[in-house]
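Structure assessment
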Amino acid sequence: MRALVLAHALAFALASTAAVTPSRAQQGADPLPAGDGHDLVAVACSQCHYLGTIAKIRDGAPGWRRYVDNMVLRGAQLTKPEIETVVAYLARNLGPGMNLPPAKPVALPDGPGKDLIAERCTLCHNLERVVAVKRERKAWPVIVADMVAQGAPVTTEEAKTIFDYLTANFGD
Amino acid sequence: MKELIKQYLDRGLSRRRLVSGLSAFGLSTVAAKAVAQNLAPLGQGIGSGNAATASTAIRTIEGNGGKLFVEQLKAAGVEYIFFNPSTGDHPIFDALVDVPEIKLIKGVQEGAVVAMADGYARASGRTGVVIVANIGLPNAMTQMVNTWKDQIPLLVAVASVDQDALGRDQWQETDHHELMTEPITKWFWQAQSTEAIAETTRRGLKFASTPPCGPVFLSLPTNTLAQHAKTQIWDGSKFNVPMRIRPDKADVEKAARLLIEAKNPLLSIGDEITWCRADKELLELAELLGAPVAGEMSNLGYWSKPFPTRHPLFIGTLLRTMRFPGKPDVLLNLGNRWGEIAAPGTTLISIRLDPTSLARQAPVDLAMVADLKLAIADLTAAIRSMATASRLADIAEQRAARTRAYSAQMAELREAIGRGLADSTPISMERLGIELEKHLDRDTCYVADVDSGKTMDPLMAFGGDDKQYFGTGPNVLGWGMAAGFGVKLARPDVPVVSVVGDGSFLFSGPQPLWSMARYKAPVTVIVLNNHSYNNERNRIWNGAGRQFEAARDMTCYNGNPDVDFAKTADAFGVEGETVKEAAALADTFARARAAMVEGRPYLLDIHIKREGLGAVSQWYPPYSLAQQRTRKV
Ligand SMILES: Cc1ncc(C[n+]2csc(CCOP(=O)(O)OP(=O)(O)O)c2C)c(N)n1
Ligand SMILES: [Mg+2]
């Protein structure tokens, strides 16, 4: 693994963190969808780590902006106008519901809210993320409100249906 | 008279005959003896014991091994011994009763002892001396990895098993225990006799402080410490001789020419500049060339920031390919282990203190092994000698204009990002960075042992007349509080702040606070408490494996139990407080400052927002031992 890091001259940032080293295969293929701004992202976001994870994240523009701002503080070389291009590209091509990667099927128990969740709560991540673990009953309304703030397209009534369903079926 | 002295130096003449000979030339006996004494360090041979006794630089003394060890350290100018005692090393501490020149600094866990000595060595440029128990050596070794990788001089000694008992599987004996230090020391040795202790100590000090520096390990068998012998003690000046290497003149001229003619030069800088105290020379060279400077900004792998981060020529983190200023035609790497980046069309010049990692990762076109301070000064002089001042000023101005515009734009952008994230609860890392920049004095030594805290570094000013940054390259956590203590010891007259993560704090445990309290060290400790191994999780999840897919943070959430670090400090007699709101920070810093004025440590447990992938998650794999029981016992 060390040899690989060195071969890719990545040592400046990652040599001391054996945790994540992109494999050759991961580095080789371009995982990003085509679109305006692709080339900028491919260059400016591949200096320190591979692009594979970015391609697996779905988020709204505010979420993407937060990531990109964080990367600028870490040393990504992007000017202000370029940040706008990058965020626009990411939100458009890797926004809610866009180019969704295949996900592990998850069977939800029947009940009001089931279809809503299967439809709206899979736009940015898979269902496994939602229901893999039981949570405190009082945590669910907070999480759903959080998701709405992140950009989940649900009305206030739909949100209530969703957290009631989750509290009943996945509350602890 | 000259001839007499020559004969004496060549050992053809005894000291007594030298003195009488000098008297014959009309010198008083006192003056003749003084001359003989001054000559002694050079001339005394093993046979001329008297000369050695009379000499101040080289003396023969008698005592047990502990005394010989201490006397040799004293003669080398050692000011502090960082320690945790064992039974076998008592002759050393017995000897110290009568040697007030060396101060004893106690730590209550060996990792803390090493990190204190390491911080002291980084800040003072001197060798840290450590004595710990034989069986505590593995505790010490964790922190020795930082010392080793960052090439900091350290002498670590233990009292080991009696030589007669070696190999008998005694209760605390492990065979050839010194071997375990092999991969993280420059040299390790077991003293073979009492007589050899002083010489072994000299050699250890010498190897530790010969660049590239590093830790050295000495094993001193208990019988060698307890038994008596007569041996020489040498002044430090006689064996810690200057080893600062000047680069080859022709190579320097070649580099100077390349740098003058370059269209798009780039300087890459690293920690060896800090170690060589070459920051002023670097600034002068960068300004003379008008070349952009890239190095450490917020990434791992470095322990210092040798160039002012607010300087218009500083462009931040050195990346594999730099979008600004574009591909350099000449890349000048100065003392940066990670700075040799080869590319077609780039001429790579690398000047390094450490020959072992020079041209190790990438092919280098022009390589020089040298002390960075001397090398940069020579390079600057060579450049000045090759072109008129006005031509150089023109070249620098053309190059610098573009860089100034870029760095100003990026500084503004970073500040805007920081401001945009300033109002949150828990407090954002960025807000804390902004507040620290506002409240810390410019001459603060900022000691950082925190992983994700690196995103706040770019919102602060380091280097030059601004805060001096101390971290570790390998990021072996549990270093920061103890190292902060060591920095304060080396620099009592500047403010010292230690910033550690909640994870980092728990790696050292609170033990460094014990030394801070005992020695009344006015150090402000800031625990950047995000209840998580935050950046560890970011790296793990950034690999997009099963934890990421299933959103299950199997390893990094720390919030349960929710450790109260201020309460922990209280147990050690260190005042502290918990801060949960950004609005409370200003008053908090004022109270910390008051404690510093009073001359005592102060701890702030600041609750910080987790950031990045999986940051929202508070889940961890549940398991209750209580529930496993079939009996309520
Ligand atoms: C002694 C040691 N053990 C383990 C690690 C692996 N490690 C790297 S970062 C990290 C978590 C750091 O947590 P914290 O200090 O709270 O920093 P944060 O990222 O949360 O700011 C760990 C455990 C290490 N670097 N050093
Ligand atoms: Mg943490």
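Residues numbered from 1 in each chain as written. Chains lettered and ligands numbered in written order. Predicted model: local features only at pLDDT ≥ 70, side-chain atom pairs only at ≥ 80, totals over all residues. Heavy atoms only, no water.

1. Regarding the overall build of chain B
Keep this limit in mind: Secondary structure elements follow DSSP: runs of H or I of four or more residues count as helices, runs of E of two or more count as strands, with numbering from the N terminus. Radius of gyration: C-alpha atoms only; globule rule: 2.2 Å multiplied by the number of residues to the exponent 0.38. Computed by Shrake-Rupley with a 1.4 Å probe, the accessible areas treat only the displayed protein chains as cover when residues are assessed. Charge counting treats Lys and Arg as positive and Asp and Glu as negative, with His and both chain ends excluded. Taken as the charge centre is NZ of Lys, CZ of Arg, CG of Asp or CD of Glu, depending on the residue.
The helix and strand tally for chain B stands at 25 helices and 20 strands. Computed over C-alpha atoms, the radius of gyration of chain B comes to 28 Å, within 12% of the 26 Å expected from 2.2 N^0.38 for 633 residues, which places it in the range of a compact globule. Principal-axis analysis of the C-alpha atoms gives chain B an extent of 90 × 85 × 45 Å. Only carbon and sulfur atoms are counted for the fraction: they give 53% of the accessible area of chain B, which is about 25,800 Å². Charged side chains in chain B number 69 positive and 69 negative. The centres of these two groups are separated by 3 Å.

2. Considerations on the overall build of chain A
What counts, and what does not: Accessibility here uses a 1.4 Å probe with only protein chains present; expressed as a share of the type maximum, an area under 20% marks a residue as buried, one over 50% as exposed, and anything in between as partly exposed. Whether two residues are in contact is decided by their heavy atoms, any of which lying within 4.5 Å being enough.
The helix and strand tally for chain A stands at 11 helices and 0 strands. Ordering the α and β elements of chain A from the N terminus gives α-α-α-α-α-α-α-α-α-α-α. Here chain A holds 172 residues, and 45% of them are scored as buried. A fraction of 60% describes how many contacts in chain A between residues 6 or more apart in sequence connect residues 24 or more apart. Summing over all exposed atoms, chain A offers an accessible surface of approximately 8,400 Å²; the carbon and sulfur share of this is 60%.

3. Brief notes about the site of ligand 1
All names here are of chain B. The test is simple: One heavy atom within 4 Å of a molecule or strand makes the whole residue count as near it. What qualifies as a polar contact is a pair of N or O atoms within 3.5 Å, subject to a donor-acceptor requirement within protein and to the restriction that residues adjacent in sequence count only when both atoms come from side chains. Here the nonpolar group is Ala, Val, Leu, Ile, Met, Phe, Trp, Tyr, Cys and Pro; Asp, Glu, Lys and Arg are the charged ones; every other residue, Gly included, is treated as polar.
Neighbouring ligand 1 are 18 residues, the closest being Ser-452, Asp-502, Gly-503, Ser-532 and Asn-534. Here an oxygen atom of ligand 1 sits 3.0 Å away from a polar atom, N or O, in the side chain of Asn-530. In the model, an oxygen atom of ligand 1 is placed 2.9 Å from a nitrogen or oxygen of the Asn-534 main chain. Bound to the protein, ligand 1 loses 84% of the 590 Å² it would expose on its own. Of all the secondary-structure elements, those providing two or more residues to the shell around ligand 1 are helix 19 (502-508) and helix 21 (534-542). Across the shell around ligand 1, the residue classes tally to 5 nonpolar, 9 polar and 4 charged.

4. So, the domain arrangement of chain A
Formally: Where each domain begins and ends follows an automated or database-derived domain assignment.
What the domain assignment lists for chain A is domain 1 (22-93) and domain 2 (114-170). Here the C-alpha centroids of domain 1 of chain A and domain 2 of chain A sit 27 Å apart.

5. Some words on the confidence of the model for chain B
Spelled out, the test is: Residue-level confidence of the predictor, termed pLDDT, takes values from 0 up to 100.
For chain B, the mean per-residue pLDDT works out to 92, and 91% of the residues sit at or above 70. Across the interface, the model reports ipTM at 0.84; the global pTM reads 0.90.

6. A look at the pairing of strand 7 (residues 215-221) of chain B
Residues and elements named next belong to chain B. Using the following cut-off: Strands qualify as paired when DSSP identifies two bridges or more between them. Every crossover in which the path from the first strand over the helix to the second runs clockwise, viewed with the strands pointing away from the viewer, is termed right-handed.
In terms of burial, strand 7 is a largely internal element, 7 of the 7 residues being buried. Side chains Pro-215, Phe-217, Ser-219 and Pro-221 project from strand 7 onto one buried face, and the interleaved Val-216, Leu-218 and Leu-220 project onto a second face that is buried too. Note that strand 5 (residues 154-160) and strand 7 share 7 bridges and pair parallel. Residue pairing in the sheet places Val-158 in a bridge with Ser-219 of strand 7. As paired strands, strand 6 (residues 187-190) and strand 7 are joined by 4 bridges and run parallel to one another. The residue bridging Trp-189 from the neighbouring strand is Leu-218, located in strand 7. Since strand 6 and strand 7 lie parallel, the crossover through helix 9 (residues 197-209) that links them has a hand, and here it is right-handed.

7. Side note on the interface of chain B and chain A
Our working rule: Values labelled buried area give the accessible surface lost by two parts on being combined, using a 1.4 Å probe and summing over both. Salt bridges are counted wherever a side-chain nitrogen of Lys or Arg sits within 4 Å of a carboxyl oxygen of Asp or Glu.
Counting from both sides, the interface comprises 50 residues of chain B and, opposite them, 46 residues of chain A. With both chains or domains summed, chain B and chain A bury close to 4,200 Å², and 55% of this area falls on carbon and sulfur atoms. Together, Leu-319, Arg-320 and Arg-323 of chain B form the three largest contributors to the area buried by chain B at its contact with chain A, with a combined 19%. Summed over the shared surface of chain B and chain A, the number is 4 salt bridges.

8. Observations concerning helix 20 (residues 511-518) of chain B
Residue and element names in this part refer to chain B. Short version of the rule: Here the arc refers to the directions that run from the helix axis out to each C-beta atom.
Among the residues making up helix 20, those that are buried are Pro-512, Leu-513, Ser-515 and Met-516. Projected onto a plane normal to the axis of helix 20, the buried residues spread over an arc of 160° and lie on a single side. A positive backbone phi angle near 45° is found at Lys-520, which sits one or two residues after helix 20.

9. Side note on the coordination of the magnesium ion (ligand 2)
All names here are of chain B. So the rule is basically this: Metal-coordinating donors are taken as N, O and S atoms lying within 2.8 Å of the metal, or within 3.2 Å when the metal is Na, K or Ca; because water is left out, some sites can appear incomplete.
Around the magnesium ion (ligand 2), the donor atoms from the protein are Asp-502 (OD), Asn-530 (OD1) and Ser-532 (O), and they sit 2.0 to 2.1 Å away. If you list the donors of the magnesium ion (ligand 2) from N- to C-terminus, the spacing comes out as D-x27-N-x1-S. Judged by its relative accessible area of 3%, Asn-530 falls in the buried class. The exposure class of Ser-532 is buried, given its relative accessible area of 4%.

10. Some words on the packing of helix 5 (residues 65-75) of chain B against helix 9 of chain B
Packed helices, taken two at a time, are described by their axes: the angle between them and the distance between them. Residues and elements named next belong to chain B. To keep things clear, this is the line we draw: Here, axes are lines fitted to C-alpha atoms. For helices the fit covers the stretch in contact, and angles between N-to-C directions go from 0 to 180 degrees. Helix crossings fall into two classes, left-handed where the near helix is turned counterclockwise from the far one by less than a right angle and right-handed where it is turned clockwise.
The geometry of helix 5 relative to helix 9 is characterised by a closest axis approach of 8 Å and an angle of 35° between their N-to-C directions. The two elements helix 5 and helix 9 meet at a crossing, and its hand is right-handed. Of helix 9, the residues touching helix 5 (which contributes Gly-65, Leu-68, Phe-69, Gln-72 and Leu-73) are Ile-197, Ala-198, Thr-201, Arg-202 and Leu-205. Taken together, the residues of the contact of helix 5 with helix 9 break down into 6 nonpolar, 3 polar and 1 charged.

11. Quick notes on the nonpolar core
In summary, soluble globular proteins display a tendency toward joint burial of nonpolar side chains. To keep things clear, this is the line we draw: We call a set of buried residues a nonpolar core when its members are Ala, Val, Leu, Ile, Met, Phe, Trp, Tyr or Cys and they connect through side-chain atoms within 4.5 Å of each other.
By size, the foremost hydrophobic cluster in this structure holds 91 residues, and its most contacted members are Phe-82, Leu-379 and Ile-383 of chain B. With 9 residues, the top contributor of residues to this core is helix 7 (residues 110-124) of chain B. In this structure, Leu-78 and Leu-94 of chain A together with Leu-413 and Ala-544 of chain B belong to the second largest nonpolar core, which totals 44 residues.

12. Notes on the sheet that holds strand 12 (residues 330-334) of chain B
Sheets are built from strands that pair by backbone hydrogen bonding, the pairs being arranged parallel or antiparallel. Residue and element names in this part refer to chain B. Strand order in this open sheet of 6 strands is 11-10-9-12-13-14, and the pairing throughout is parallel. Looking at which strands have only one partner, the edges of the open sheet turn out to be strand 11 (314-317) and strand 14 (366-369). In this sheet, adjacent strand axes meet at a mean angle of 20° when their direction is disregarded. Examined bridge by bridge, strand 9 (residues 265-269) and strand 12 share 5 bridges and lie parallel to one another. Residue pairing for strand 12: Leu-266 is matched across the bridge by Leu-331.

13. Let's talk about the packing of aromatic side chains
Residues and elements named next belong to chain B. Our working definition: Under the pairing criterion, centres of Phe, Tyr and Trp rings, with the six-membered ring standing for Trp, must be within 6.5 Å; the plane angle then separates stacked pairs below 30 degrees from edge-to-face pairs above 60, leaving the rest tilted.
Enumeration according to the criterion identifies 16 aromatic pairs over all chains in this entry. Pairing Phe-505 with Phe-565 gives two aromatic rings, centres 4.7 Å apart and planes at 65°, and the pair type is edge-to-face. Of this pair, Phe-505 sits in helix 19 while Phe-565 sits in helix 23 (residues 565-571), placing them 60 residues apart in sequence. Overall, the relative accessible area of 1% leaves Phe-505 in the buried class.

14. Let's talk about the pattern of salt bridges
On inspection of all chains with the given rule, the structure shows 41 salt bridges over all chains. Across the salt bridge formed by Glu-611 of chain B and Arg-66 of chain A, the nearest N and O atoms sit 2.9 Å from each other. Linking Glu-611 of chain B in the loop between strand 20 (602-607) and helix 25 (625-628) with Arg-66 of chain A in helix 6 (residues 61-74), this pair reaches from one chain into another. We note that Glu-611 of chain B, like Arg-66 of chain A, is buried. Residue Asp-371 of chain B is joined to Arg-244 of chain B by a salt bridge in which the shortest nitrogen-to-oxygen separation is 3.4 Å. Of this pair, Asp-371 of chain B sits in the loop between strand 14 and helix 15 (372-386) while Arg-244 of chain B sits in the loop between helix 11 (236-239) and helix 12 (249-261); the two residues are 127 residues apart in sequence, bridging distant segments of the chain. Of the residues examined, Arg-244 of chain B reaches a relative accessible area of 47% and is grouped as partly exposed. Here the salt bridges share partners, and the residues they tie into one network are Arg-66 of chain A together with Glu-430, Lys-609 and Glu-611 of chain B.

15. Quick notes on the confidence of the model for chain A
For chain A, the mean per-residue pLDDT works out to 84, and 84% of the residues sit at or above 70. Within the model, the stretch residues 1-26 of chain A combines pLDDT values under 50 with 51 contacts to residues more than four positions away or in other chains.

16. Structural notes on the sheet that holds strand 19 (residues 575-579) of chain B
Residue and element names in this part refer to chain B. Sheet architecture is open: 6 strands sit in the order 16-15-17-18-20-19, paired in parallel fashion. Looking at the sheet topology across the chains shown, the edges are occupied by strand 16 (468-470) and strand 19. Strand-to-strand twist in this sheet, taken as the mean axis angle between neighbours without regard to direction, amounts to 20°. When strand 19 meets strand 20, the two strands line up parallel, connected through 5 bridges. In the strand pairing of strand 20, Glu-575 is matched with Tyr-602.

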